[in-house]
Amino acid sequence: MARALDEYRALRDRHGPCWGEPPIGYVVQAGATVFLDRRHSFYQAGLRQLAERHPGASHGELEDRLGEVDAHRGVRDALGGDVPDNLPVLRLTPGGAALEAHTRVVLGGEPFRTALLLDSSRDEPVTVLIDGAAHEVPPGGARVVEVTREVVADGRPVDLSPLARRAPRAEIRLRAGFPCRWSVTGANGQGWYPDGAPPKVDALRRPYFHGDDVVLAVPAEEITVTVARGMEYAEATRVLVPAPGEETVVELTPERLYDGAARGWYGGDLHVHLNWMGEEPAAPALAAITQHGEDLHVLNLVAGNVSGERVYDMEALEHWVGRDLPWSDERHVARIGVEYRNDVVGHLTAFGLRGLPGRYHSGFAGSPDWPPNAVACEELRALGATTSYGHPFHSPFGEDDPPDVVLDRGRSCAAREIVADAALGLIDTLDVLNHSSIAATAAVYHRLIGAGNRLSVTAGTDVVLSFCRRLTAAAPPGWARVYARVDGPLTTAAYAEAVRLGRTFATTGPWLELTVNGHGPGDSLDLAPGEEVEITVASAGPEVETLEIRTADGVLAQGPPDHLTARLTLDRPTYVVAVATGGPHPRSQHRTGAYAQTSPVYLDVAGEHVVREADVRWCLAWLDRLETILAESGRFETKEQYNDHLALYDRARQVYRARLAALGA
């Protein structure tokens, strides 16, 4: 693992945040978004740039070329004139050169280094000397460079004094009594970190690091210290002015909002990467202190490729597969698993592997999009894994939209094959809580379970510990969690079983409870026609604004937070789930705000399971649309490889048609 980390650092030093990966669209975007926040769309800026270069091209054709975007110019255009705190800008206009910057504080004689955006509005190329090296900026173009000492433009030194100011040095010691997440900021919002801690910034642009009894250097001027510990705790804050040259002890403890483990519920994040490009390669020790600092009960680190053959963290997987990682204890379990990736039919995650699979991806580095993901599902499950589809859907999608709305074109990483895999019993869960579109994923999930498939609700953030500034990818693991009700002590096997049985709810922060006649998620009740059930939902957490009780027919009841009840008389099989929502909130890293949802309580009637004709036909239409996407965007070496996908879809169609026949439809 140490040799692998050395190799990753060499790739980072040579190539920047993309580590030399083949430049497909999301690789180029990843390298750029370390300078952007939610206000700035690199995607839209890239499309505009490509439209200039390829007039008359369709939107889809432009999307297929996103890997060709000039990332430097894309960053400049996405910023739209804004100046980020980590990217000062040198404007190169026909009238001269002007520096714009958020002034950073530097302690004592410490060196200063920053990225610098060279932004030219000139009609001719311009050469700028950065620390003695020449950098040419094309007409109307941009370049992002590193600077430590000097900048010379138009033959004249640029005054770099706006970049930094010196401040006297002080030290603070942070204590909470257990590992926590800390944020230490100056009046300008600048973050301060202990030696060796990566300079992390979450999706809300808040600096953070983890630990307890931690010492760090800070300016001897007003700073704000905030402590938190995952979603089960509130934040506590203190403002102070530490004395120069002295150590100031700050004792601060976050208040607990709820205690899932005390009720037998353990929260996990089933999709986290240790290394997958980024600004600072991550060692296992970072995962350990982060998991304990967030009090994240279950952590699934996944080894996976990016856009080429290399599988990051393969060395750790080979060493630790089938065993708990060494920082696990009676309250925290960490494992290393796999993200199996294909950009046409979806990305799978595996938790609880007992051995190494024979394949890790398809469709990359010139390889065909073959075999279907179903083959990987079968292999991973044979190795003991609980399987899920991660970051499932990206397009805006409503409950009543047809499949072609969410089944976007091209190679998009969407979980397109899940409709087939769910029908054939090859997939255990769906990450309804994810960094992409929760609303679209929830809508698809409701269709899948309404069509007779049994899938658990789970959560996978796709956090990448080697990223320091990339929205949710750089946020703390566990910003979304799947809570599973475990009978007895927490173990990998017990947690995985609870997840597979559907004893779960997934959340960005709120606690959410559902009972139907006293039964919880994952349970099935066999009822007689005309029998009535009582449904109770409860929530905890300041971000909740609305509670919902949903059945296969839609929203049954809606109300304010804390408590909601309803009664339902059964005339046909259905399911019941609870949903909690709220707008943007400091406790929620997702751009849309707070969301929590339970897995279903299934209500069978006279021995019959829920199967809605409309949902089954929707799934059949999905499979038809998927064939078209595969023909348009898939890459195959033989006709037989393509036909293997079609055969899978035909097997799924047989299942769905049999369900229709049982309904008499």
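Everything in this summary refers to the structure shown in the same document. (Residues numbered from 1 in each chain as written. Predicted model: local features only at pLDDT ≥ 70, side-chain atom pairs only at ≥ 80, totals over all residues. Heavy atoms only, no water.)

Consecutive side chains along a regular strand alternate between the two faces of the sheet. The element strand S28 (residues 481-485) is largely enclosed, with a buried count of 4 among its 5 residues. Alignment of S28 against strand S29 (residues 504-507), held across 4 bridges, turns out to be antiparallel. Bridge assignment links Val 482 to a residue of S29, and that residue is Ala 506. (Buried < 20%, exposed > 50% of the residue type's maximum accessible area, 1.4 Å probe, protein only. Helix = DSSP H or I, 4+ residues; strand = E, 2+ residues; numbered from the N terminus. Pairing = 2+ DSSP bridges.)

Another point: the packing of aromatic side chains. Aromatic rings in a pair are described by how distant their centres are and how their planes are angled relative to each other. Applying the stated criterion across every chain, the model contains 17 aromatic pairs. Residues Tyr 26 and Trp 276 carry aromatic rings whose centres are separated by 6.3 Å and whose planes lie at 20 degrees to one another, so their mutual orientation is stacked. A residue pair is termed long-range when its members are at least 10 positions apart, and Tyr 26 in helix H2 (residues 25-32) and Trp 276 in the loop between strand S19 (265-273) and helix H6 (284-293) qualify at 250 residues. Comparing Tyr 26 with Trp 276, the two get one shared label, buried. (Phe/Tyr/Trp six-rings, centres within 6.5 Å; stacked < 30°, edge-to-face > 60°.)

In this section: the sheet that holds strand S32 (residues 532-540). Neighbouring strands of a sheet are bound in pairs by backbone hydrogen bonds; such pairs are parallel or else antiparallel. Pairing is antiparallel across the open sheet formed by 3 strands, whose spatial order is S30-S32-S35. The outermost strands of the open sheet, each flanked by one partner alone, are strand S30 (511-516) and strand S35 (563-569). Taking the axes of each pair of neighbouring strands and ignoring which way they run, one obtains an average angle of 15 degrees across the sheet. Alignment of S32 against S35, held across 7 bridges, turns out to be antiparallel. Residue Thr 536 lies in a different strand from S35, and its bridge partner there is Thr 565. (Axes fitted to C-alpha atoms, helices over the stretch in contact; angles between N-to-C directions.)

Residues Ile 418, Leu 448, Tyr 495, Trp 622 and Tyr 656 are the most contacted members of the largest nonpolar core, which totals 106 residues. Broken down by element, the residue count for this core peaks at 9 residues, all from helix H13 (residues 613-633). With residues up to four places along the chain from it excluded, the contact list for Trp 622 reads Phe 393, Pro 403, Val 406, Leu 407, Ala 415, Arg 416, Val 419 and Val 444. Core analysis: the second largest hydrophobic core is formed by 40 residues, Tyr 8, Trp 19, Val 27 and Val 34 among them. (Core = buried A, V, L, I, M, F, W, Y, C linked by side-chain atoms within 4.5 Å. Contact = heavy atoms within 4.5 Å.)

Once that is clear, we can look at the side chain of Asp 119. Relative to the elements of secondary structure, Asp 119 occurs in strand S4 (residues 114-120). At 2.7 Å, the side chain of Asp 119 and the side chain of Arg 91 are in polar contact. (Polar contact = N/O pair within 3.5 Å; in protein donor to acceptor, adjacent residues only side chain to side chain.)

In the structure shown here, the tally under the stated rule is 57 salt bridges. Its salt-bridge partner being Arg 206, residue Asp 202 comes within 2.9 Å of it at the nearest N-O pair. Judged by relative accessible area, Asp 202 falls into the buried class, the value being 3%. The exposure class assigned to Arg 206 is partly exposed, which follows from its relative accessible area of 22%. Among the ionic contacts, a cluster of salt bridges with common partners joins Glu 52, Arg 73, Arg 76, Asp 77, Arg 91, Glu 100 and Asp 119. (Salt bridge = Lys/Arg side-chain N within 4 Å of Asp/Glu carboxyl O.)

Attention now goes to the side chain of His 273. Residue placement: His 273 occurs in strand S19. His 273 gets classed as buried once you look at its relative accessible area, which sits at 0%. Engagement of the side chain of His 273 in a polar contact is seen with the backbone oxygen of Val 302, the distance being 3.3 Å. When neighbours within four sequence positions are excluded, His 273 is seen to be in contact with Leu 301, Val 302, Glu 339, Asp 462, Val 463, Val 464 and Leu 465.

Once that is clear, we can look at the sheet that holds strand S15 (residues 214-219). Strand order in this open sheet of 3 strands is S15-S11-S18, and the pairing throughout is mixed. Each end of this open sheet is capped by a strand with a single partner; those strands are S15 and strand S18 (247-251). Pairwise comparison of adjacent strand axes, ignoring direction, gives a mean angle of 30 degrees for this sheet. The pairing of strand S11 (residues 169-175) with S15 spans 6 bridges and is antiparallel. Bridging across to S15, Glu 171 finds its partner in Ala 217.

Topologically, Val 28 is positioned in helix H2. Classification of Val 28 as buried rests on a relative accessible area of 10%. With 496 residues separating them in the primary sequence, Val 28 and Ser 524 have C-alpha atoms 47 Å apart.

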